[in-house]
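# Notes for the structure review
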There are 2 protein chains.
Amino acid sequence: MSVCFPKLSRVAVCGGTHGNELSGVYLVRELQRCAGDGAHVNTLLCDTFVFPSPSGPISDTAPYEMIRSRELNALLGPKGSPKAVDLICDLHNTTADMGLCLIAYSDHDWICLHIFRHLQRQMPDIPMRYIHFDVSNKESYSLDSVGKHGFAIEIGPQPHGVVRSNIYTAMKFGVQHMLDWVRFFNSGTIFEGGFVDVFTMVKHIDYPRDRETRNITAAIHPQLQDRDFSLLQPEDPLFQTFSGETLRYKGKEPLYPFFINECAYYEKSIALSLARKRRVMIPAIRVDRT
Amino acid sequence: MSVCFPKLSRVAVCGGTHGNELSGVYLVRELQRCAGDGAHVNTLLCDTFVFPSPSGPISDTAPYEMIRSRELNALLGPKGSPKAVDLICDLHNTTADMGLCLIAYSDHDWICLHIFRHLQRQMPDIPMRYIHFDVSNKESYSLDSVGKHGFAIEIGPQPHGVVRSNIYTAMKFGVQHMLDWVRFFNSGTIFEGGFVDVFTMVKHIDYPRDRETRNITAAIHPQLQDRDFSLLQPEDPLFQTFSGETLRYKGKEPLYPFFINECAYYEKSIALSLARKRRVMIPAIRVDRT
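Residues numbered from 1 in each chain as written. Chains lettered and ligands numbered in written order. Predicted model: local features only at pLDDT ≥ 70, side-chain atom pairs only at ≥ 80, totals over all residues. Heavy atoms only, no water.

- Chain A is annotated in an unreviewed UniProt entry as N-acyl-aromatic-L-amino acid amidohydrolase of Mola mola.
- Here is the UniProt Sequence similarities (unreviewed entry) comment for chain A, exactly as written: "Belongs to the AspA/AstE family. Aspartoacylase subfamily." (UniProt positions renumbered as here; feature names shortened; annotations may be inferred.)

Here you go:
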């Protein structure tokens with residue numbers, strides 16, 4: 001017994017949605033340079049750049065990001081339409097020590113979950129997790145939500161504006177294995193069912209801030225820094241104030257921290273996110289040959 | 001026998017010259033908050049922000065950075081004048097794994113070298129080096145060159161736009177020990193002579209770039225990344241191209257690399273800098289009591 005899906009004829013690999021996350025920028029350029037070297041899948045390689053919601057009216061004076069998001073929705077979507085590409089993989093970096101994560105808006109998209117399991121098996125030396133943001137596809141605003149299937153590949157730690165060879169190489173192998181999987185799938189391989197650990201985001205925690213200025217008054221505690229996906233227990237150290245005091249986690253439920261000290265989230269009031277882990281059973285899948 | 005120097009009556013500690021290097025920004029704010037708590041030195045605590053050359057005419061439409069640099073030159077200098085503050089310590093962060101470095105334009109400013117040796121002794125767990133940029137004080141354009149004595153404290157690795165507790169704490173202790181040293185000095189302590197290792201910058205190396213687009217075509221080699229101040233030998237790996245090729249160091253002289261993969265230097269065409277190390281004898285010093 002296996003679940004059938006239509007062939008994944010059009011796959012988009014996108015880099016630069018956040019222009020200072022450089023691994024994806026240089027990887028997409030490199031893939032564009034080598035395009036044609038044995039690529040069996042119809043792969044769109046996109047320089048993207050910042051991507052807010054593609055819906056709503058647009059004026060002549062709209063900012064570049066708005067215009068570009070419209071272009072991308074036309075190129076890769078339109079979102080929710082039969083014309084949308086089959087799979088979008090959007091490449092990101094984080095300053096958090098998260099290893100390689102697939103981030104998706106679904107915990108039951110069997111294509112995404114099978115790709116994740118394939119990457120885990122092919123790259124056993126890279127810490128790898130599947131993160132699920134539990135919002136509806138309609139509410140989701142990310143580039144990968146424009147495709148019929150889609151996810152972000154998020155790799156760190158890498159400072160924004162910097163490219164580190166080890167992180168670039170992990171991303172390169174991740175994308176190659178993802179494209180390999182799509183070729184296997186399209187050519188009729190049956191992928192066995194099994195179990196995958198899924199981290200579902202529960203809530204965000206902001207930095208302690210000064211009441212008047214809203215400036216942060218503490219940094220991530222040194223005992224928590226770089227410990228993404230290590231279970232955070234009630235009363236564990238969370239922050240260290242700039243005067244040296246330790247502030248502790250006051251939640252009642254042990255949860256898994258991630259995006260710990262991500263640069264871009266200071267302005268979003270997120271010092272870290274917390275997830276619940278659970279085991280998801282995924283069915284065997286194969287391409288629909290009818 | 002000891003060399004005498006006038007009392008260091010006015011000391012400035014500056015943070016934010018590069019606004020996204022956050023340890024100094026938050027440390028100066030914290031010191032301002034605690035100002036008065038037993039500060040025996042007349043310490044100016046400055047929020048600074050970007051600092052180009054303070055000389056030359058200035059127009060009404062000059063950019064903020066130009067105006068701010070004029071203000072700071074008036075506040076802390078004027079550079080080269082008897083009114084200039086006695087000592088400026090300007091706080092910086094780097095994405096390079098450099099530990100704590102004092103960076104100065106002189107290899108014979110005994111005040112700076114003695115402060116360095118004091119920090120080394122007080123903080124034995126922190127890798128610490130003294131970097132000398134061999135340009136005349138007239139040609140130097142940094143904020144610390146405005147004082148009678150001055151240096152930058154550069155600490156990493158920390159992504160720009162992020163504050164890491166361990167880096168913040170190292171900077172805090174570094175500044176406290178520096179101010180302690182000034183108090184000891186002003187109260188008549190004689191500091192014994194001795195030897196200090198000085199790293200004098202010899203040259204910069206740029207990334208390999210595409211001839212037409214000028215885009216970089218390689219990242220720092222994984223075997224060199226995070227190895228600041230480990231001797232680089234001829235034929236050691238230097239870069240790894242985005243297609244996976246290793247490029248090697250073609251210099252004839254073994255030199256010490258630093259500022260390896262510093263974010264802000266991509267646009268300055270600097271992938272890393274190289275230094276020669278030598279041992280400098282520093283004399284005993286004390287305050288001039290006459």
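Text resumes after the structure shown.
### Quick notes on the interface of chain B and chain A
- At the junction of the two partners, chain B supplies 30 residues and chain A supplies 30 residues.
- Around 2400 Å² of area is buried between chain B and chain A when both sides are counted, 53% of it from carbon and sulfur atoms.
- On the chain B side of the interface with chain A, the three residues burying the most area are Arg164, Ser165 and Phe242 of chain B, jointly 24% of the side's total.
- Taken together, chain B and chain A are joined by 2 salt bridges.
- In this structure, aspartate 226 of chain B and arginine 164 of chain A form a salt bridge, with 2.6 Å as the shortest nitrogen-oxygen distance.
- For the pair chain B and chain A, the interface holds 12 residue pairs in polar contact (both at pLDDT 80 or more).
- Elements with a minimum of two residues in the side of chain B that touches chain A: α1 (22–33), α4 (165–186) and β9 (218–220) of chain B.
- When the residues that make up the side of chain B that touches chain A are grouped by side-chain class, the tally is 12 nonpolar, 12 polar and 6 charged. (Contact = heavy atoms within 4.5 Å. Buried area = accessible area lost by both parts, 1.4 Å probe. Salt bridge = Lys/Arg side-chain N within 4 Å of Asp/Glu carboxyl O. Polar contact = N/O pair within 3.5 Å; in protein donor to acceptor, adjacent residues only side chain to side chain. Helix = DSSP H or I, 4+ residues; strand = E, 2+ residues; numbered from the N terminus. Nonpolar A, V, L, I, M, F, W, Y, C, P; charged D, E, K, R; others polar.)

### Concerning the relation of the copies chain B and chain A
- Least-squares fitting of chain B to chain A yields an RMSD of 0.0 Å, with the transformation described by 0.0 Å of translation along the axis and a rotation of 180°. Classification of the inter-copy transformation places it as that of a two-fold axis. Of the C-alpha atoms belonging to chain B, the one lying closest to the rotation axis is found on proline 159 of chain B, 2.4 Å away.
- Of the residues that chain B buries at the interface, 100% are likewise interface residues in chain A, meaning the two copies contact each other through the same surface. (Least-squares fit on C-alpha atoms with pLDDT ≥ 70 in both.)

### Some thoughts on the pairing of strand β2 (residues 10–15) of chain B
Residues and elements named next belong to chain B.
- Of all 6 residues that make up β2, 5 are buried, and the element is covered over most of its length.
- Pairing analysis gives 5 bridges linking β2 to strand β4 (residues 87–93), with the strands arranged parallel. Its bridge partner being in β4, cysteine 14 is matched across the sheet by aspartate 90. (Buried < 20%, exposed > 50% of the residue type's maximum accessible area, 1.4 Å probe, protein only. Pairing = 2+ DSSP bridges.)

### Quick look at the packing of α1 of chain B against α4 of chain B
Residues and elements named next belong to chain B.
- Interhelical geometry of α1 versus α4 gives an angle of 50° and a closest axis separation of 10 Å. Relative to α4, α1 is oriented oblique. Viewed along their axes, α1 and α4 form a crossing whose handedness is right-handed. Between α1 and α4, the contacting residues are Ser23, Gly24, Tyr26, Leu27, Glu30 and Leu31 on the first element and Ile167, Tyr168, Met171, Lys172 and Val175 on the second.
- Of the residues that constitute the contact of α1 with α4, the class distribution is 7 nonpolar, 2 polar and 2 charged. (Axes fitted to C-alpha atoms, helices over the stretch in contact; angles between N-to-C directions. Parallel < 35°, antiparallel > 145°, perpendicular 65-115°, else oblique. Left-handed = near helix turned anticlockwise from the far one by under 90°.)

### Some remarks on the sheet that holds strand β11 (residues 246–248) of chain B
Residues and elements named next belong to chain B.
- On the basis of which strands lie adjacent, the open sheet formed by 3 strands has the order β9-β10-β11 and antiparallel pairing. Taken across any chain shown, the strands that pair with only one partner, and hence form the sheet edges, are β9 and β11. The sheet shows a mean angle of 35° between the axes of neighbouring strands, taken without regard to direction.
- Pairing of β9 with strand β10 (residues 237–241), which is carried by 3 bridges, proceeds in the antiparallel orientation. Bridging across to β10, isoleucine 220 finds its partner in phenylalanine 239.

### A look at the domain arrangement of chain A
All names here are of chain A.
- Taken domain by domain, chain A consists of domain 1 (2–197 + 279–287) and domain 2 (205–274).
- A separation of 28 Å is found between the C-alpha centroids of domain 1 and domain 2.
- Each partner contributes to the interface: domain 1 provides 13 residues, whereas domain 2 provides 10 residues.
- Buried area between domain 1 and domain 2, both sides added, is near 930 Å², and the carbon and sulfur share of it is 61%.
- Interface area lost by domain 1 to domain 2 is led by Thr95, Asp97 and Met98, which between them contribute 40%.
- If you look at where domain 1 meets domain 2, you find 0 salt bridges.
- Viewed at the interface, domain 2 and domain 1 are joined by 6 residue pairs in polar contact (both at pLDDT 80 or more).
- Secondary structure elements with two or more residues in the side of domain 1 that touches domain 2: β5 (99–104) and β6 (128–132).
- Residues of the side of domain 1 that touches domain 2, tallied by class, amount to 6 nonpolar, 4 polar and 3 charged. (Domains from an automatic or database assignment.)

### Some thoughts on the UniProt feature "binding site: Zn(2+)" (unreviewed entry) in chain A
Residues and elements named next belong to chain A.
- As annotated by UniProt and renumbered to match this structure, "binding site: Zn(2+)" (unreviewed entry) occupies His18, Glu21 and His92. The greatest C-alpha distance among the annotated residues, which extend across 75 residues, is 7.2 Å, indicating that they converge on a single site.
- The residue glutamate 21 is located in the loop between β2 (10–15) and α1 (22–33) in this model.
- Residue glutamate 21 is classed as buried on the basis of its relative accessible area, which comes to 5%.
- Apart from the residues within four sequence positions on either side, glutamate 21 is in contact with His92, Asn93, Glu154 and His160.
- Engagement of the side chain of glutamate 21 in a polar contact is seen with the side chain of histidine 92, the distance being 3.2 Å.
- Examined against the element boundaries, histidine 92 turns out to sit in strand β4 (residues 87–93).
- Here histidine 92 is in contact with Thr17, His18, Glu21, Ala152, Ile153, Glu154, Ile155 and Met171, once residues within four sequence places are set aside.
- Only 2.8 Å separates the side chain of histidine 92 from the side chain of aspartate 90, close enough to count as a polar contact.

### A short note on the pattern of salt bridges
- Here the structure, examined in full by the defined rule, presents 20 salt bridges over all chains.
- The partner of aspartate 107 of chain A in a salt bridge is arginine 278 of chain A, and the shortest N-O contact between them spans 2.4 Å. Note that aspartate 107 of chain A is positioned in the loop between β5 and α3 (110–122) and arginine 278 of chain A in strand β13 (residues 272–282), a separation of 171 residues in sequence.
- With a closest N to O distance of 3.0 Å, glutamate 30 of chain B and arginine 33 of chain B form a salt bridge. Residue glutamate 30 of chain B and its partner arginine 33 of chain B are both found in helix α1; the two are separated by 3 residues, about one turn of the helix.
- The exposure class of arginine 33 of chain B is exposed, given its relative accessible area of 58%.

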